[in-house]
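Each chain, letter by letter, is given below.
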Amino acid sequence: MLTKARSFTLKDNVIFPRQGFIGKELDSESDLADHGVRKYDYSTGRFMAIDPLWEEYKAFNTYQYAANNPMIMIDPSGFTVTFTNSEHQSAHDRIYNEQVDGVYVNQFYRDMYDKLNSSDVSYIVKATTVENIPGMTEPRSGTITTDGQNIYIDIDPNQNTKYEREGTHEMIHALQFERGQEDFQLINGKGVGQRNCVDAEAEAYEHSVVRNSDYIGLNTQEIRNKVRTQYRFNQNQEHFEDLRTDEVNQRTVLRTPTFFGILYPKP
Ligand SMILES: [Zn+2]
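Summarised in this report is the structure supplied together with it. Position numbers for residues start from 1 in each chain and track the written sequence from start to end. Restriction of local features to residues with pLDDT of at least 70 applies here, the model being predicted, together with a cutoff of 80 or more for giving and counting side-chain atom pairs; totals for whole chains, interfaces and linings are based on all residues.

**Observations concerning the packing of helix H2 (residues 107-117) against helix H3 (residues 163-178)**
Here's step 1: Fitted lines through C-alpha atoms give the axes, limited to the stretch in contact for helices. The angle between two N-to-C directions lies from 0 to 180 degrees. Secondary structure counts use DSSP, requiring at least four H or I residues in a row for a helix and at least two E residues in a row for a strand, with both numbered from the N terminus. At their nearest, the axes of H2 and H3 sit 10 Å apart, and the two run at 55° to each other. One element, H2, and the other, H3, form an angle in the oblique class. Handedness of the H2/H3 crossing: left-handed. For the pair formed by H2 and H3, the contact residues are Tyr109, Met112, Lys115 and Leu116 on the first element and Thr168, Met171, Ile172, Ala174, Leu175 and Glu178 on the second.
Here's step 2: Under the scheme applied here, ten amino acids are nonpolar (Ala, Val, Leu, Ile, Met, Phe, Trp, Tyr, Cys and Pro), four are charged (Asp, Glu, Lys and Arg), and all others, including Gly, are polar. For the contact of H2 with H3, the residue count by class is seven nonpolar, one polar and two charged. Roughly parallel here means an angle under 35 degrees, roughly antiparallel means over 145, roughly perpendicular means 65 to 115, and every remaining angle is called oblique. Crossing chirality is assigned from the near helix's rotation relative to the far helix, an anticlockwise turn below a right angle marking it left-handed and a clockwise turn marking it right-handed. For the purpose of contact definition, each residue receives a C-beta atom placed from its backbone, and two residues are in contact when these atoms lie within 7 Å.

And the structure:
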């Protein structure tokens, strides 16, 4: 049975609501809801087009919305943070919701996750083998990559890895990408991070939910010193090139055969 679309009874001088319940513009002519990449038909509870990321979510049918659970989940852009590994998912849930005396313990993590989750880029956390970088002094157990469509937070399950440590570290690099401090060059179909620097690694080591053992007990300056030698950064790789937070709202995601990044128009 089809349900009738919800309607509003309007009193005089009451402005018709311009936005639907997830904050997107209402389209009163077509009676379809704008959900970014797709239009949603209220009367059937289905989208008018298939989910562009349907290949990532084969367990769900391609016309569904928010994993068929709209009572508890919204999906404003159609692009979200997804966990493919149940251990990572439950570690995330615990970190995100942890409270002491009614105060969230991991506020930096919560703000970061919320920003990534509302982004127009899909972030996918997965367990996978991580290759080492020649010349780095220690083996890597996590990294962020891209295939030109999504950004992956890769955590290597073979190296005693923990989402709390490696996952939250890599998520900070994803946040740096969101801020325009990181881009990817696509080389042989693999997205290689550009513009890595002392600022980027020091922030990731300092703010991961559980610190890498090499970084426990170090202050900010000591973390920077350790990062500098561990990653062999030269003096041109000290600071972020750009901080473009004022332009973030006007950004566009750029996907080309060789580049995956974010463009910020000049104000
Ligand atoms: Zn890092």
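That covers the picture; the talk isn't over yet.
**A few points about helix H1 (residues 86-97)**
Here's step 1: Multiplying 1.5 Å by the helix residue count minus one yields the expected span of that helix. In a regular helix each residue adds 1.5 Å, so twelve residues correspond to 16 Å; H1 covers 16 Å between its end C-alpha atoms and thus fits that length.
Here's step 2: Counting other C-beta atoms within 10 Å of each residue's C-beta, where C-beta atoms are placed from the backbone, gives the exposure class: buried for 20 or more, exposed for 12 or fewer, partly exposed between. Looking only at H1, the buried set comprises His88, Ala91, His92 and Ile95. Projection of H1 onto a plane perpendicular to its axis shows the buried side chains occupying an angular sector of 105°, all on one side. Set apart from the buried face of H1 by more than 90 degrees, the exposed residues are Ser86, Ser90, Asp93 and Asn97.
Here's step 3: Buried positions along H1 lie against strand S5 (81-83), H2, strand S8 (123-127), strand S10 (151-155) and H3. Summarising the geometry, the arc corresponds to the directions from the helix axis toward the C-beta atoms.

This is a description of form; function is not addressed.
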